[in-house]
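Commentary on secondary and tertiary structure
Here's the letter readout for the chains.
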Amino acid sequence: MAEKEVALDLEELRHFQTIAKRPRVLNLISSEIRNLEKLSKEAVTPPISQAPTPVATAAKVPSTPSVSYITLGSFSWEQDSDKVKLYISLEGVDQEKLVTEFKPMAFDIKFHDVNGKNYRCAIPKLNKEIVPEKCKVLVKPKRVVLTLIKASKGNWLDLYYKEDKLKPKLDKEQDPMAGIMDLMKNMYEDGDEDMKRTIAKAWTDSRSGKVTDPLKGLK
């Protein structure tokens, strides 16, 4: 229905409403007026266009470049029976930018953004065990002090763990006759008189060069 025709119908119905007297007729006219008024508003009000639903796109997360470190291999250290202290000469260190990792036999300290550079001080295997939760790092104006608490009291010969190569070397260079002599000594001490005389003779012959195997006379 055209907007103009709706307006004319409303005008005429309102005129009838003024002259009508019976309640039922008034109700019918009022109901029709409301319907036409509603229809008139819908004709005037432009349709609301729906905004296009935005399409969610995954935000691009910039890839974090790998961090490179300068190894701090030069430092001084001292110890007492309870702890070891390392003194690292490095200025401009921010305590908040330290990353520390302590393990029973190792430590790894990373210094980030020190005058635009990153540094690292680490020992992958210490001489002896430490107590990780008690170790600490103290930043001073011109150096960093690293305190390692020993798991057991005592003196460290070095910071780094070293294999004990002395014992295998001694075993390798040991006189092969030493074991035989020890065996003969034990047999002599535990043996009877005949055994002792036999061992004494075998020992004497071996010393004089008559036999090369001191156990030959015992077989």
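For the structure itself, consult the block above.
One structure accompanies this document, and this report is about it. (Residues numbered from 1 in each chain as written. Predicted model: local features only at pLDDT ≥ 70, side-chain atom pairs only at ≥ 80, totals over all residues. Heavy atoms only, no water.)

Quick word on a negative patch on the surface
To be explicit about the condition: Within this analysis, patches are made of residues with over 30% relative accessible area and no salt bridge. Like charges are joined at 9 Å or less; nonpolar side chains (Val, Leu, Ile, Met, Phe, Trp, Tyr) at 5 Å or less. Every accessible area reported is derived by Shrake-Rupley at a probe size of 1.4 Å, with residue values counting cover from the shown protein chains alone. In what follows, salt bridge is the name for a side-chain nitrogen of Lys or Arg lying within 4 Å of a carboxyl oxygen of Asp or Glu. His is not counted, nor are the chain ends; Lys and Arg add positive charge and Asp and Glu add negative charge. Charged groups are reduced to one reference atom each: NZ for lysine, CZ for arginine, CG for aspartic acid, CD for glutamic acid. What counts as a helix is a DSSP run of H or I of at least four residues, what counts as a strand is a run of E of at least two, and both are numbered from the N terminus. Only protein chains enter the accessibility calculation, which uses a 1.4 Å probe. A residue is then buried if its area is under 20% of the maximum for its type, exposed if over 50%, and partly exposed in between.
A contiguous patch of negative charge, built from E5, D9, E11, E12 and E32, is present on the exposed surface. Top contributing element to the negative patch by residue count: helix α1 (residues 3-19), with 4 residues. Owing to a relative accessible area of 54%, E11 belongs among the exposed residues under this scheme.

Some words on the pairing of strand β7 (residues 136-139)
The test is simple: At least two bridges found by DSSP between two strands is the condition for calling them paired.
Strand direction decides the pairing type here: β7 and strand β8 (residues 143-149), joined by 4 bridges, are antiparallel. Bridging from a neighbouring strand, V139 pairs with V144 of β8. Counted along the chain from β7 to the antiparallel partner β8, the turn is 3 residues long.

Remarks on the side chain of D108
Just so we agree on the cut-off: Any pair of nitrogen or oxygen atoms within 3.5 Å is treated as a polar contact; in protein, a donor-acceptor pairing is required on top of that, and neighbouring residues in sequence qualify only through side-chain atoms on both sides. Note on definitions: a residue-residue contact is assigned when non-hydrogen atoms from the two residues lie within 4.5 Å.
Looking at where D108 falls in the secondary structure, it is placed in strand β5 (residues 106-114). Among the residues examined, D108 registers a relative accessible area of 11% and is labelled buried. Looking at D108, its side chain comes within polar contact range of the side chain of R120, at 2.5 Å. Sequence-distant contacts of D108, defined by excluding residues within four places in its chain, comprise V99, T100, E101, R120, C121 and A122.

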